[in-house]
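Read off the chains here:
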Amino acid sequence: MSIWSNLGLVYALLGAAVAVFLAGAGSAIGVGIAGQAAAGVVTEDPSKFAKVLIMQLLPGTQGIYGLLVGFITLSKVGLLGGGAAELDPQTGLLILAACMPIGIVGLISGKYQGMTSAASIGIVAKKPDQFGKAMLFPAMVETYAILALLISILAVNAVQI
Amino acid sequence: MSEQYTYAVARIRALEVALFSNATIDQLIACSDYDQCLQFLAEKGWGDSDTPAQAEAILNREEEKIWEVVKDLHVDMDKFAVLSYPKLFHNLKAAIKEVCVGDTNRHIFYDDVSVPGAAMLEIVREKEFGKLPPDMQHAAEEAYEAMLHTRDGQLCDVIIDRAALDAVYRAGKAAKDAIIRDYAESTVAVADIKIAVRSQKTAKSLEFMTRAMAECDSVNAAQLAKAALNGMDSIREYLMGTAYAEGAEALAQSPSAFERWCDNRIIQTISPQKYKAFTIGPVIAYVIARQNEIKTVRIILSGKLNDLPDDSIRERVREMYV
(Lines give C-alpha, C1' and ligand atoms only; values in the text may rest on other atoms or scores of the structure.)
Protein backbone atom coordinates (compact mmCIF):
# COMPACT_ATOMS: atom_id res chain seq x y z
CA MET A 1 0.00 0.00 0.00
CA SER A 2 1.74 3.14 -1.17
CA ILE A 3 1.33 6.55 0.44
CA TRP A 4 0.43 8.07 -2.91
CA SER A 5 -2.50 5.74 -3.40
CA ASN A 6 -3.80 6.62 0.09
CA LEU A 7 -3.06 10.32 0.07
CA GLY A 8 -6.57 11.09 1.39
CA LEU A 9 -5.93 9.03 4.52
CA VAL A 10 -2.52 10.66 4.97
CA TYR A 11 -4.14 14.10 4.91
CA ALA A 12 -6.80 13.00 7.41
CA LEU A 13 -4.12 11.62 9.76
CA LEU A 14 -2.14 14.82 9.36
CA GLY A 15 -5.29 16.70 10.45
CA ALA A 16 -5.56 14.57 13.62
CA ALA A 17 -1.86 15.12 14.29
CA VAL A 18 -2.19 18.89 13.83
CA ALA A 19 -5.09 19.02 16.30
CA VAL A 20 -3.29 16.98 18.94
CA PHE A 21 0.21 18.41 18.40
CA LEU A 22 -0.54 22.14 18.16
CA ALA A 23 -3.23 22.25 20.85
CA GLY A 24 -1.11 20.05 23.10
CA ALA A 25 1.92 22.28 22.56
CA GLY A 26 -0.18 25.35 23.43
CA SER A 27 -1.27 23.70 26.67
CA ALA A 28 2.24 22.60 27.52
CA ILE A 29 3.54 26.15 27.05
CA GLY A 30 0.65 27.67 29.01
CA VAL A 31 0.83 25.20 31.90
CA GLY A 32 4.59 25.71 31.97
CA ILE A 33 4.31 29.50 32.25
CA ALA A 34 1.60 29.31 34.92
CA GLY A 35 3.61 26.61 36.71
CA GLN A 36 6.61 28.90 37.06
CA ALA A 37 4.42 31.55 38.66
CA ALA A 38 2.76 28.94 40.90
CA ALA A 39 6.17 27.69 42.03
CA GLY A 40 7.22 31.25 42.88
CA VAL A 41 4.21 31.78 45.12
CA VAL A 42 4.44 28.36 46.81
CA THR A 43 8.16 29.00 47.58
CA GLU A 44 7.11 31.84 49.85
CA ASP A 45 3.64 30.65 50.91
CA PRO A 46 2.96 26.89 50.64
CA SER A 47 -0.58 27.39 52.02
CA LYS A 48 -1.64 28.74 48.60
CA PHE A 49 -0.72 25.51 46.81
CA ALA A 50 -4.31 24.39 46.05
CA LYS A 51 -5.39 27.76 44.67
CA VAL A 52 -2.39 28.26 42.42
CA LEU A 53 -2.58 24.64 41.20
CA ILE A 54 -6.10 25.27 39.87
CA MET A 55 -4.80 28.38 38.11
CA GLN A 56 -1.94 26.40 36.62
CA LEU A 57 -4.28 23.75 35.24
CA LEU A 58 -6.55 26.18 33.38
CA PRO A 59 -4.42 26.30 30.19
CA GLY A 60 -4.36 22.48 30.15
CA THR A 61 -7.78 22.19 28.51
CA GLN A 62 -6.60 23.05 24.97
CA GLY A 63 -4.60 19.83 24.90
CA ILE A 64 -7.73 17.88 25.86
CA TYR A 65 -9.74 19.61 23.10
CA GLY A 66 -7.04 18.72 20.56
CA LEU A 67 -7.09 15.12 21.76
CA LEU A 68 -10.89 15.02 21.42
CA VAL A 69 -10.78 16.28 17.82
CA GLY A 70 -7.98 13.81 17.10
CA PHE A 71 -10.14 10.92 18.39
CA ILE A 72 -13.17 12.07 16.39
CA THR A 73 -11.03 12.31 13.25
CA LEU A 74 -9.51 8.85 13.71
CA SER A 75 -12.96 7.44 14.39
CA LYS A 76 -14.36 9.19 11.33
CA VAL A 77 -11.78 7.65 8.97
CA GLY A 78 -12.28 4.25 10.59
CA LEU A 79 -8.78 3.89 12.05
CA LEU A 80 -10.11 3.23 15.55
CA GLY A 81 -12.60 0.60 14.34
CA GLY A 82 -10.00 -1.51 12.57
CA GLY A 83 -10.93 -0.79 8.93
CA ALA A 84 -9.54 2.38 7.40
CA ALA A 85 -11.88 4.10 4.94
CA GLU A 86 -10.88 4.72 1.32
CA LEU A 87 -10.43 8.48 1.11
CA ASP A 88 -9.73 10.56 -1.95
CA PRO A 89 -7.18 13.41 -1.48
CA GLN A 90 -9.91 16.06 -1.63
CA THR A 91 -11.79 14.50 1.35
CA GLY A 92 -8.53 14.09 3.22
CA LEU A 93 -7.74 17.77 2.74
CA LEU A 94 -11.22 18.71 3.97
CA ILE A 95 -10.60 16.77 7.20
CA LEU A 96 -7.18 18.42 7.55
CA ALA A 97 -8.81 21.85 7.17
CA ALA A 98 -11.49 20.89 9.72
CA CYS A 99 -8.78 20.07 12.31
CA MET A 100 -6.99 23.39 11.81
CA PRO A 101 -9.15 25.64 14.05
CA ILE A 102 -8.50 23.74 17.31
CA GLY A 103 -4.86 23.22 16.38
CA ILE A 104 -4.03 26.87 15.71
CA VAL A 105 -6.37 28.46 18.26
CA GLY A 106 -5.33 25.85 20.84
CA LEU A 107 -1.66 26.76 20.38
CA ILE A 108 -2.19 30.51 20.64
CA SER A 109 -4.86 30.48 23.35
CA GLY A 110 -2.91 27.96 25.43
CA LYS A 111 0.11 30.23 25.58
CA TYR A 112 -1.88 33.38 26.34
CA GLN A 113 -4.09 31.63 28.86
CA GLY A 114 -0.90 30.54 30.62
CA MET A 115 0.33 34.12 30.74
CA THR A 116 -3.02 35.35 32.05
CA SER A 117 -2.99 32.58 34.65
CA ALA A 118 0.50 33.63 35.74
CA ALA A 119 -0.70 37.23 36.16
CA SER A 120 -3.76 36.01 38.08
CA ILE A 121 -1.54 33.91 40.33
CA GLY A 122 -0.01 37.27 41.30
CA ILE A 123 -3.47 38.38 42.45
CA VAL A 124 -3.89 35.21 44.51
CA ALA A 125 -0.43 35.75 46.04
CA LYS A 126 -1.39 39.19 47.33
CA LYS A 127 -5.16 38.80 47.82
CA PRO A 128 -6.16 35.15 48.22
CA ASP A 129 -9.77 36.18 48.96
CA GLN A 130 -10.03 37.43 45.36
CA PHE A 131 -9.42 33.92 43.96
CA GLY A 132 -12.81 33.77 42.21
CA LYS A 133 -12.28 37.03 40.34
CA ALA A 134 -8.67 36.14 39.55
CA MET A 135 -9.80 32.88 37.93
CA LEU A 136 -12.19 34.66 35.59
CA PHE A 137 -9.41 36.42 33.65
CA PRO A 138 -7.74 33.26 32.30
CA ALA A 139 -11.17 31.64 31.91
CA MET A 140 -12.09 34.36 29.40
CA VAL A 141 -9.31 33.13 27.08
CA GLU A 142 -10.87 29.67 27.21
CA THR A 143 -13.94 30.96 25.32
CA TYR A 144 -12.04 31.10 22.06
CA ALA A 145 -10.58 27.62 22.45
CA ILE A 146 -14.14 26.31 22.97
CA LEU A 147 -15.36 28.12 19.84
CA ALA A 148 -12.53 26.59 17.81
CA LEU A 149 -13.29 23.15 19.29
CA LEU A 150 -16.94 23.49 18.31
CA ILE A 151 -16.10 24.41 14.71
CA SER A 152 -13.54 21.60 14.39
CA ILE A 153 -16.01 18.98 15.66
CA LEU A 154 -18.83 20.25 13.41
CA ALA A 155 -16.53 20.44 10.39
CA VAL A 156 -15.00 16.96 10.87
CA ASN A 157 -18.49 15.47 11.29
CA ALA A 158 -19.79 17.34 8.25
CA VAL A 159 -17.24 15.82 5.85
CA GLN A 160 -18.93 13.05 3.84
CA ILE A 161 -16.90 9.84 3.54
CA MET B 1 7.77 40.93 27.35
CA SER B 2 9.46 37.71 28.37
CA GLU B 3 8.44 34.77 30.54
CA GLN B 4 11.91 34.45 32.06
CA TYR B 5 10.90 36.50 35.11
CA THR B 6 7.57 34.71 35.73
CA TYR B 7 8.87 32.75 38.72
CA ALA B 8 10.71 35.74 40.18
CA VAL B 9 7.75 38.12 39.84
CA ALA B 10 5.28 35.64 41.36
CA ARG B 11 7.63 35.10 44.30
CA ILE B 12 7.99 38.84 44.73
CA ARG B 13 4.19 39.21 44.72
CA ALA B 14 4.03 36.75 47.60
CA LEU B 15 6.75 38.71 49.44
CA GLU B 16 5.03 42.05 48.86
CA VAL B 17 2.33 40.92 51.32
CA ALA B 18 4.89 41.38 54.10
CA LEU B 19 5.88 44.91 53.03
CA PHE B 20 4.84 47.66 55.42
CA SER B 21 1.81 49.64 54.30
CA ASN B 22 1.13 53.23 55.37
CA ALA B 23 -1.20 51.78 58.06
CA THR B 24 1.62 49.62 59.47
CA ILE B 25 3.90 52.65 59.57
CA ASP B 26 1.19 54.54 61.49
CA GLN B 27 1.07 51.66 64.00
CA LEU B 28 4.85 51.85 64.40
CA ILE B 29 4.68 55.60 65.00
CA ALA B 30 1.91 55.03 67.55
CA CYS B 31 4.22 52.82 69.67
CA SER B 32 4.83 54.54 72.97
CA ASP B 33 8.64 54.38 72.95
CA TYR B 34 11.75 53.10 71.21
CA ASP B 35 11.69 49.68 72.93
CA GLN B 36 8.08 49.11 71.98
CA CYS B 37 8.98 49.95 68.37
CA LEU B 38 11.72 47.29 68.43
CA GLN B 39 9.24 44.80 69.87
CA PHE B 40 6.73 45.69 67.14
CA LEU B 41 9.39 45.10 64.47
CA ALA B 42 10.35 41.77 66.03
CA GLU B 43 6.68 40.70 65.94
CA LYS B 44 6.60 41.59 62.23
CA GLY B 45 9.53 39.24 61.64
CA TRP B 46 12.27 41.86 61.39
CA GLY B 47 15.73 40.60 62.27
CA ASP B 48 16.38 36.97 63.19
CA SER B 49 16.12 35.10 66.48
CA ASP B 50 19.84 35.67 67.07
CA THR B 51 19.86 39.35 65.98
CA PRO B 52 20.62 41.70 68.92
CA ALA B 53 17.65 43.87 69.93
CA GLN B 54 19.32 47.00 68.58
CA ALA B 55 18.01 49.14 65.75
CA GLU B 56 21.15 49.03 63.61
CA ALA B 57 21.53 45.25 63.94
CA ILE B 58 17.90 44.68 62.94
CA LEU B 59 18.02 47.14 60.03
CA ASN B 60 21.31 45.72 58.74
CA ARG B 61 19.87 42.21 58.88
CA GLU B 62 16.81 43.37 56.90
CA GLU B 63 19.09 44.94 54.27
CA GLU B 64 20.95 41.62 53.99
CA LYS B 65 17.65 39.76 53.61
CA ILE B 66 16.78 41.84 50.53
CA TRP B 67 19.86 40.67 48.66
CA GLU B 68 19.50 37.09 49.91
CA VAL B 69 16.05 37.01 48.28
CA VAL B 70 17.29 38.59 45.05
CA LYS B 71 20.20 36.13 44.76
CA ASP B 72 17.78 33.27 45.38
CA LEU B 73 15.68 34.36 42.37
CA HIS B 74 18.59 33.61 39.99
CA VAL B 75 18.04 36.73 37.89
CA ASP B 76 20.86 38.61 36.20
CA MET B 77 22.54 40.63 38.97
CA ASP B 78 23.82 43.17 36.43
CA LYS B 79 20.26 44.53 36.33
CA PHE B 80 20.76 45.71 39.92
CA ALA B 81 24.02 47.55 39.25
CA VAL B 82 22.16 50.85 39.11
CA LEU B 83 21.01 50.26 42.71
CA SER B 84 24.45 49.32 44.00
CA TYR B 85 26.32 52.37 42.64
CA PRO B 86 25.61 54.60 45.68
CA LYS B 87 27.13 51.96 48.01
CA LEU B 88 30.04 51.30 45.66
CA PHE B 89 30.94 54.98 45.39
CA HIS B 90 30.45 55.38 49.15
CA ASN B 91 33.14 52.71 49.63
CA LEU B 92 35.45 54.68 47.34
CA LYS B 93 34.80 57.88 49.26
CA ALA B 94 35.41 56.18 52.62
CA ALA B 95 38.57 54.45 51.38
CA ILE B 96 40.12 57.66 49.98
CA LYS B 97 39.43 59.54 53.23
CA GLU B 98 40.75 56.69 55.33
CA VAL B 99 43.97 56.40 53.30
CA CYS B 100 44.57 60.18 53.18
CA VAL B 101 43.64 60.94 56.79
CA GLY B 102 44.99 57.75 58.32
CA ASP B 103 42.00 56.91 60.54
CA THR B 104 40.78 53.32 60.47
CA ASN B 105 37.14 52.40 60.78
CA ARG B 106 36.06 49.09 59.26
CA HIS B 107 32.40 49.69 59.98
CA ILE B 108 31.97 52.49 57.46
CA PHE B 109 32.17 50.19 54.41
CA TYR B 110 29.52 48.19 52.59
CA ASP B 111 30.57 44.64 51.83
CA ASP B 112 27.61 43.56 49.67
CA VAL B 113 28.93 45.29 46.51
CA SER B 114 31.32 44.33 43.70
CA VAL B 115 34.27 46.07 45.41
CA PRO B 116 33.91 45.57 49.20
CA GLY B 117 35.64 47.72 51.81
CA ALA B 118 38.90 45.77 52.23
CA ALA B 119 39.44 45.48 48.45
CA MET B 120 38.65 49.17 47.94
CA LEU B 121 41.12 50.16 50.66
CA GLU B 122 43.81 48.03 49.05
CA ILE B 123 43.18 49.57 45.61
CA VAL B 124 43.28 53.14 46.93
CA ARG B 125 46.33 52.50 49.13
CA GLU B 126 48.24 51.03 46.18
CA LYS B 127 46.78 53.64 43.76
CA GLU B 128 45.73 50.81 41.43
CA PHE B 129 42.68 52.67 40.16
CA GLY B 130 42.68 50.61 36.95
CA LYS B 131 41.28 47.71 38.99
CA LEU B 132 38.10 49.68 39.65
CA PRO B 133 35.03 49.55 37.37
CA PRO B 134 35.56 51.89 34.36
CA ASP B 135 32.95 54.40 35.63
CA MET B 136 34.97 54.93 38.82
CA GLN B 137 38.56 55.06 37.66
CA HIS B 138 38.88 58.70 36.63
CA ALA B 139 36.82 60.02 39.55
CA ALA B 140 38.82 57.89 42.01
CA GLU B 141 42.12 59.29 40.78
CA GLU B 142 40.85 62.87 40.73
CA ALA B 143 39.25 62.65 44.20
CA TYR B 144 42.36 60.99 45.64
CA GLU B 145 44.64 63.72 44.28
CA ALA B 146 42.25 66.44 45.49
CA MET B 147 42.04 64.95 48.97
CA LEU B 148 45.78 64.38 49.19
CA HIS B 149 46.72 67.91 48.14
CA THR B 150 43.90 70.04 49.54
CA ARG B 151 42.55 67.87 52.44
CA ASP B 152 39.17 69.19 51.34
CA GLY B 153 36.71 66.41 52.19
CA GLN B 154 33.81 68.23 50.58
CA LEU B 155 35.62 68.52 47.25
CA CYS B 156 36.37 64.79 47.39
CA ASP B 157 32.67 64.12 48.10
CA VAL B 158 31.54 66.34 45.22
CA ILE B 159 33.82 64.61 42.69
CA ILE B 160 32.75 61.12 43.74
CA ASP B 161 29.05 61.94 44.13
CA ARG B 162 29.00 63.48 40.65
CA ALA B 163 30.73 60.38 39.24
CA ALA B 164 28.14 58.20 41.01
CA LEU B 165 25.28 60.20 39.45
CA ASP B 166 26.89 59.98 36.01
CA ALA B 167 27.33 56.21 36.45
CA VAL B 168 23.68 55.77 37.48
CA TYR B 169 22.54 57.84 34.51
CA ARG B 170 24.73 55.97 32.03
CA ALA B 171 23.52 52.63 33.40
CA GLY B 172 19.93 53.87 33.00
CA LYS B 173 20.49 55.00 29.43
CA ALA B 174 22.12 51.69 28.52
CA ALA B 175 19.35 49.61 30.13
CA LYS B 176 16.69 47.89 28.05
CA ASP B 177 14.26 47.77 30.96
CA ALA B 178 12.01 50.81 31.32
CA ILE B 179 12.11 50.74 35.12
CA ILE B 180 15.90 51.07 35.20
CA ARG B 181 15.76 54.00 32.74
CA ASP B 182 12.99 55.72 34.73
CA TYR B 183 14.68 55.08 38.06
CA ALA B 184 18.00 56.46 36.82
CA GLU B 185 16.32 59.55 35.36
CA SER B 186 14.36 60.26 38.56
CA THR B 187 17.35 59.57 40.80
CA VAL B 188 19.64 61.96 38.93
CA ALA B 189 16.98 64.68 38.57
CA VAL B 190 16.02 64.53 42.25
CA ALA B 191 19.71 64.57 43.25
CA ASP B 192 20.26 67.69 41.08
CA ILE B 193 17.28 69.40 42.71
CA LYS B 194 18.61 68.50 46.17
CA ILE B 195 22.03 69.91 45.26
CA ALA B 196 20.43 73.14 44.03
CA VAL B 197 18.36 73.56 47.21
CA ARG B 198 21.26 72.83 49.56
CA SER B 199 23.65 74.99 47.54
CA GLN B 200 21.19 77.88 47.69
CA LYS B 201 20.94 77.54 51.47
CA THR B 202 24.71 77.45 51.91
CA ALA B 203 25.39 80.13 49.27
CA LYS B 204 27.54 77.93 47.03
CA SER B 205 28.95 79.28 43.77
CA LEU B 206 27.73 78.50 40.25
CA GLU B 207 31.00 76.68 39.63
CA PHE B 208 30.41 74.40 42.63
CA MET B 209 26.89 73.55 41.46
CA THR B 210 28.00 72.92 37.89
CA ARG B 211 30.62 70.54 39.18
CA ALA B 212 28.18 68.71 41.47
CA MET B 213 25.13 68.41 39.20
CA ALA B 214 24.83 65.67 36.60
CA GLU B 215 23.15 66.13 33.23
CA CYS B 216 19.80 64.44 32.68
CA ASP B 217 16.84 64.75 30.29
CA SER B 218 14.12 65.96 32.64
CA VAL B 219 16.08 68.74 34.40
CA ASN B 220 18.43 71.27 32.83
CA ALA B 221 21.32 71.38 35.28
CA ALA B 222 22.64 74.75 34.03
CA GLN B 223 19.24 76.47 34.35
CA LEU B 224 18.65 74.88 37.76
CA ALA B 225 22.06 76.08 38.99
CA LYS B 226 21.33 79.64 37.76
CA ALA B 227 17.92 79.51 39.46
CA ALA B 228 19.63 78.46 42.70
CA LEU B 229 21.90 81.51 42.50
CA ASN B 230 18.80 83.73 42.33
CA GLY B 231 17.17 82.26 45.41
CA MET B 232 14.69 79.61 46.57
CA ASP B 233 11.77 81.24 44.75
CA SER B 234 13.63 80.93 41.46
CA ILE B 235 14.24 77.22 42.11
CA ARG B 236 10.51 76.76 42.78
CA GLU B 237 9.64 78.73 39.67
CA TYR B 238 11.96 76.61 37.56
CA LEU B 239 10.60 73.35 39.00
CA MET B 240 7.01 74.41 38.28
CA GLY B 241 7.83 74.19 34.58
CA THR B 242 9.23 70.64 34.84
CA ALA B 243 7.86 67.20 35.71
CA TYR B 244 8.89 67.92 39.32
CA ALA B 245 6.31 70.62 40.12
CA GLU B 246 5.28 68.74 43.28
CA GLY B 247 8.82 69.26 44.52
CA ALA B 248 8.30 73.01 44.29
CA GLU B 249 5.19 72.72 46.47
CA ALA B 250 7.06 70.55 49.00
CA LEU B 251 9.88 73.08 49.03
CA ALA B 252 7.38 75.80 49.92
CA GLN B 253 6.08 73.75 52.86
CA SER B 254 9.20 72.85 54.83
CA PRO B 255 12.69 71.34 54.44
CA SER B 256 11.51 67.99 55.83
CA ALA B 257 8.53 67.98 53.42
CA PHE B 258 11.01 68.49 50.57
CA GLU B 259 13.27 65.64 51.74
CA ARG B 260 10.16 63.47 52.03
CA TRP B 261 9.10 64.38 48.50
CA CYS B 262 12.53 63.44 47.14
CA ASP B 263 12.09 59.84 48.32
CA ASN B 264 8.39 59.73 47.47
CA ARG B 265 9.21 60.73 43.89
CA ILE B 266 11.30 57.57 43.51
CA ILE B 267 8.48 55.45 44.95
CA GLN B 268 6.05 57.08 42.49
CA THR B 269 8.44 56.17 39.67
CA ILE B 270 8.39 52.49 40.59
CA SER B 271 4.67 52.29 41.47
CA PRO B 272 3.50 51.09 38.00
CA GLN B 273 5.55 47.91 38.58
CA LYS B 274 2.80 46.68 40.90
CA TYR B 275 0.83 45.75 37.78
CA LYS B 276 3.55 44.09 35.68
CA ALA B 277 3.86 40.31 35.54
CA PHE B 278 6.62 39.45 33.05
CA THR B 279 9.45 41.96 33.46
CA ILE B 280 12.33 42.49 35.90
CA GLY B 281 10.51 45.66 37.03
CA PRO B 282 8.65 44.23 40.04
CA VAL B 283 11.87 42.68 41.38
CA ILE B 284 13.78 45.97 41.14
CA ALA B 285 10.78 47.82 42.57
CA TYR B 286 10.71 45.39 45.50
CA VAL B 287 14.36 46.08 46.31
CA ILE B 288 13.77 49.86 46.19
CA ALA B 289 10.57 49.49 48.23
CA ARG B 290 12.36 47.45 50.91
CA GLN B 291 15.21 49.98 51.08
CA ASN B 292 12.65 52.78 51.39
CA GLU B 293 10.88 50.80 54.13
CA ILE B 294 14.12 50.34 56.08
CA LYS B 295 14.93 54.04 55.68
CA THR B 296 11.48 54.99 56.98
CA VAL B 297 11.79 52.65 59.96
CA ARG B 298 15.22 54.15 60.71
CA ILE B 299 13.70 57.65 60.70
CA ILE B 300 10.92 56.55 63.07
CA LEU B 301 13.34 54.78 65.42
CA SER B 302 15.68 57.74 65.61
CA GLY B 303 12.68 60.01 66.21
CA LYS B 304 11.52 57.79 69.06
CA LEU B 305 15.03 57.60 70.48
CA ASN B 306 15.21 61.40 70.55
CA ASP B 307 11.67 61.76 71.95
CA LEU B 308 10.34 63.66 68.94
CA PRO B 309 6.57 64.15 68.94
CA ASP B 310 4.58 61.75 66.73
CA ASP B 311 3.46 64.54 64.39
CA SER B 312 7.02 65.59 63.81
CA ILE B 313 8.01 61.99 62.97
CA ARG B 314 4.95 61.58 60.73
CA GLU B 315 6.01 64.62 58.70
CA ARG B 316 9.27 62.86 57.87
CA VAL B 317 8.05 59.37 57.01
CA ARG B 318 8.10 58.27 53.40
CA GLU B 319 5.25 56.98 51.27
CA MET B 320 5.11 53.19 51.14
CA TYR B 321 5.11 51.15 47.91
CA VAL B 322 2.13 48.93 48.81
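Computed from a predicted model, the values in this text were never measured in an experiment.

Undergrad: Please clarify how helix H11 (residues 221-230) of chain B should be interpreted in this entry.
TA: Spacing of three or four residues puts side chains on the same side of an α-helix, whose turn is 3.6 residues. Residue and element names in this part refer to chain B. Taken residue by residue, H11 has Leu 224, Ala 225, Ala 227 and Ala 228 as its buried positions. For H11, the arc enclosing every buried residue in end-on projection is 160°, short of the 170-degree limit, so these residues lie on one face. Looking at the buried positions of H11, the neighbouring elements they touch are helix H9 (178-201), helix H10 (206-212) and helix H12 (232-240). Gly 231 sits one or two positions beyond H11 and adopts a positive phi of about 120°.

Undergrad: Would you explain the interface of chain B and chain A in this entry?
TA: Many structure descriptions define interface size as the accessible area lost when the parts assemble. Facing 13 residues of chain B, the contacting portion of chain A comprises 15 residues. Split into classes, the residues belonging to the side of chain B that touches chain A amount to 8 nonpolar, 1 polar and 4 charged.

Undergrad: Sorry, what's going on with the packing of H9 of chain B against helix H14 (residues 255-270) of chain B here?
TA: Geometry of a packed helix pair, given as the angle between the helix axes and the separation of the axes. Residues and elements named next belong to chain B. It is at 9 Å that the axes of H9 and H14 come closest, and there the two elements cross at 170°. Classified by the interaxial angle, the pair formed by H9 and H14 is roughly antiparallel. Residues Ile 179, Asp 182, Tyr 183, Ser 186, Thr 187, Val 190, Lys 194 and Val 197 of H9 lie in contact with H14, whose contacting residues are Phe 258, Cys 262, Arg 265, Ile 266, Thr 269 and Ile 270. When grouped by side-chain class, the residues that make up the contact of H9 with H14 number 8 nonpolar, 3 polar and 3 charged.

Undergrad: Would you mind going over unusual backbone geometry with me for this structure?
TA: Generally, phi is negative for residues other than glycine and the peptide bonds are trans, each holding for most cases. At His 74 of chain B, a position not held by glycine, the phi torsion is positive, near 55°. Position of His 74 of chain B relative to the elements: it lies in the loop between helix H4 (55-72) and helix H5 (81-101).

Undergrad: Teacher, can you tell me more about the nonpolar core here?
TA: A general feature of soluble globular proteins is that nonpolar side chains tend to end up buried together. Ranked by size, the top nonpolar core spans 107 residues in total, and within it Val 41 and Ile 121 of chain A together with Ala 143, Val 168 and Ala 196 of chain B carry the most contacts. The element contributing the most residues to this core is H9 of chain B, with 12 residues. Other than its neighbours up to four places away in sequence, Val 168 of chain B contacts Val 82, Tyr 85, Ala 184, Thr 187 and Val 188 of chain B. In terms of nonpolar packing, the next biggest core, distinct from the first, is built from 26 residues, Leu 13, Val 20, Val 69 and Ala 98 of chain A among them.

Undergrad: Hey, could you run me through the domain arrangement of chain B in this one?
TA: Residue and element names in this part refer to chain B. According to the domain assignment, chain B contains domain 1 (1-75 + 280-322), domain 2 (79-174) and domain 3 (176-272). Taking only C-alpha atoms, the centre of domain 1 and the centre of domain 3 are 26 Å apart. On the side of domain 3, 11 residues touch domain 1, which itself brings 12 residues to the contact. Mapped by element, the contributors of at least two residues to the side of domain 1 that touches domain 3 are helix H15 (281-305) and helix H16 (310-316). The element best represented in the side of domain 1 that touches domain 3 is H15, accounting for 6 residues. Partitioned by chemical class, the residues of the side of domain 1 that touches domain 3 number 6 nonpolar, 2 polar and 4 charged.

Calculation criteria
- Residues numbered from 1 in each chain as written.
- Chains lettered and ligands numbered in written order.
- Predicted model: local features only at pLDDT ≥ 70, side-chain atom pairs only at ≥ 80, totals over all residues.
- Buried ≥ 20, exposed ≤ 12 C-beta atoms within 10 Å, placed from the backbone.
- Helix = DSSP H or I, 4+ residues; strand = E, 2+ residues; numbered from the N terminus.
- Arc of directions from axis to C-beta.
- Contact = placed C-beta atoms within 7 Å.
- Nonpolar A, V, L, I, M, F, W, Y, C, P; charged D, E, K, R; others polar.
- Axes fitted to C-alpha atoms, helices over the stretch in contact; angles between N-to-C directions.
- Parallel < 35°, antiparallel > 145°, perpendicular 65-115°, else oblique.
- Core = buried A, V, L, I, M, F, W, Y, C linked by C-beta atoms within 7 Å.
- Domains from an automatic or database assignment.

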